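Here is what each chain is made of, one letter per residue.
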Amino acid sequence: MNKSQEKRASENDKKKEYLRSYRYHVRRIRRIDAEIAELREMKMHPSMKPDDGMPHGSGGQGDLSSYAAELDEMINELIEERRQRIRTYRQIVRQIKRMNSRNESDVLFYRYISGLGWWGIAEKMDYSQRHITRIHGNALAHFELPKDVLECPIDQ
């Protein structure tokens, strides 16, 4: 790979990382929701104490304040993650909409916002998978990262 190809590959990696940041927030929200559900389930059906693994009758009812504090903390984390997801969504979609090619913007939207695989995108757009990956390559070449993203690295 020559210097020009290496630079283009590096730029494309940055673009992909930026575009994937929306799906990162979606995954985090699902994870936090699952943790909250698990915590609630454990509180509703406390059959074992985590300390000794032995079954107990109505154990866990006395420790309501720590449960409430932990649940409150997780709900606040969920709210913040949802805010970040909305912010990220708006920023990425705004950049995608600036593209000149409707096909290229559709491929990026379906891939990075909707989370579809190549086959799903091909089916939606009525093209072959191979053609979709070509459009994706062109879309990455034409996609412009926002200036603030260029200045500071993305860490997810």
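For the structure, see preceding data.
Procedures and definitions
Residues numbered from 1 in each chain as written. Predicted model: local features only at pLDDT ≥ 70, side-chain atom pairs only at ≥ 80, totals over all residues. Heavy atoms only, no water. Salt bridge = Lys/Arg side-chain N within 4 Å of Asp/Glu carboxyl O. Helix = DSSP H or I, 4+ residues; strand = E, 2+ residues; numbered from the N terminus. Buried < 20%, exposed > 50% of the residue type's maximum accessible area, 1.4 Å probe, protein only. Axes fitted to C-alpha atoms, helices over the stretch in contact; angles between N-to-C directions. Parallel < 35°, antiparallel > 145°, perpendicular 65-115°, else oblique. Left-handed = near helix turned anticlockwise from the far one by under 90°. Contact = heavy atoms within 4.5 Å. Nonpolar A, V, L, I, M, F, W, Y, C, P; charged D, E, K, R; others polar. Lys, Arg positive; Asp, Glu negative; His and termini not counted. Core = buried A, V, L, I, M, F, W, Y, C linked by side-chain atoms within 4.5 Å. Phe/Tyr/Trp six-rings, centres within 6.5 Å; stacked < 30°, edge-to-face > 60°. Polar contact = N/O pair within 3.5 Å; in protein donor to acceptor, adjacent residues only side chain to side chain.

A. Main features of the pattern of salt bridges. In the structure shown here, the tally under the stated rule is four salt bridges. For Glu77, the salt bridge identified is with Arg28, shortest N-O distance 2.8 Å. Separated by 49 residues along the polypeptide, Glu77 in helix α2 (residues 64–97) and Arg28 in helix α1 (residues 3–44) bring together distant segments of the chain. On the basis of relative accessible area, Arg28 is assigned to the partly exposed category, the value being 21%.

B. Fine view of the packing of α2 against helix α3 (residues 102–113). Two elements in contact, α2 and α3, have axes whose closest approach is 10 Å; the angle formed by their N-to-C orientations is 160 degrees. What the angle tells us is that α2 and α3 run roughly antiparallel. For the pair α2 and α3, the crossing hand works out as right-handed. Residues Tyr89, Ile92, Val93 and Ile96 of α2 lie in contact with α3, whose contacting residues are Ser105, Leu108, Phe109 and Ile113. Class assignment of the residues belonging to the contact of α2 with α3 gives a composition of seven nonpolar, one polar and no charged.

C. Molecular detail of the side chain of Glu104. Within the secondary structure, Glu104 is located in helix α3. One buried charge, Glu104, has no salt-bridge partner; the nearest side chain with opposite charge is Lys15, at 9.6 Å.

D. Broad picture of the nonpolar core. Counting 16 residues, the largest nonpolar core has Tyr18, Leu19, Ile92, Ile96, Leu108, Ile113 and Phe143 as its most contacted members. At the level of elements, α1, α2, α3 and α5 (129–142) are the ones that each hand at least two residues to this core. If near-sequence neighbours (up to four positions away) are discounted, Phe143 is found in contact with Lys15, Tyr18, Leu19, Gln95, Ile96, Met99 and Leu108.

E. The arrangement of the packing of aromatic side chains in detail. Within the structure shown, the criterion is met by three aromatic pairs. Ring geometry for Tyr18 versus Phe143: centroids 6.1 Å apart, planes at 35 degrees, classification tilted. In this pair, Tyr18 is assigned in helix α1 and Phe143 in the loop between α5 and α6 (147–151), connecting sequence segments 125 residues apart. For Tyr18, a relative accessible area of 2% puts it in the buried group. Of the residues examined, Phe143 reaches a relative accessible area of 1% and is grouped as buried.

F. Examining the side chain of Ser21 more closely. Here Ser21 lies in helix α1. One polar contact links the side chain of Ser21 to the main-chain carbonyl oxygen of Tyr18, over a distance of 2.6 Å.

G. Representation of the packing of helix α4 (residues 118–125) against α5. The geometry of α4 relative to α5 is characterised by a closest axis approach of 8 Å and an angle of 100 degrees between their N-to-C directions. Looking at the two axes, α4 sits roughly perpendicular to α5. Here Trp118, Trp119, Ile121, Ala122 and Met125 of α4 come into contact with α5, specifically with Gln129, Ile132, Thr133 and His136. Of the residues assigned to the contact of α4 with α5, the class counts are six nonpolar, three polar and no charged.

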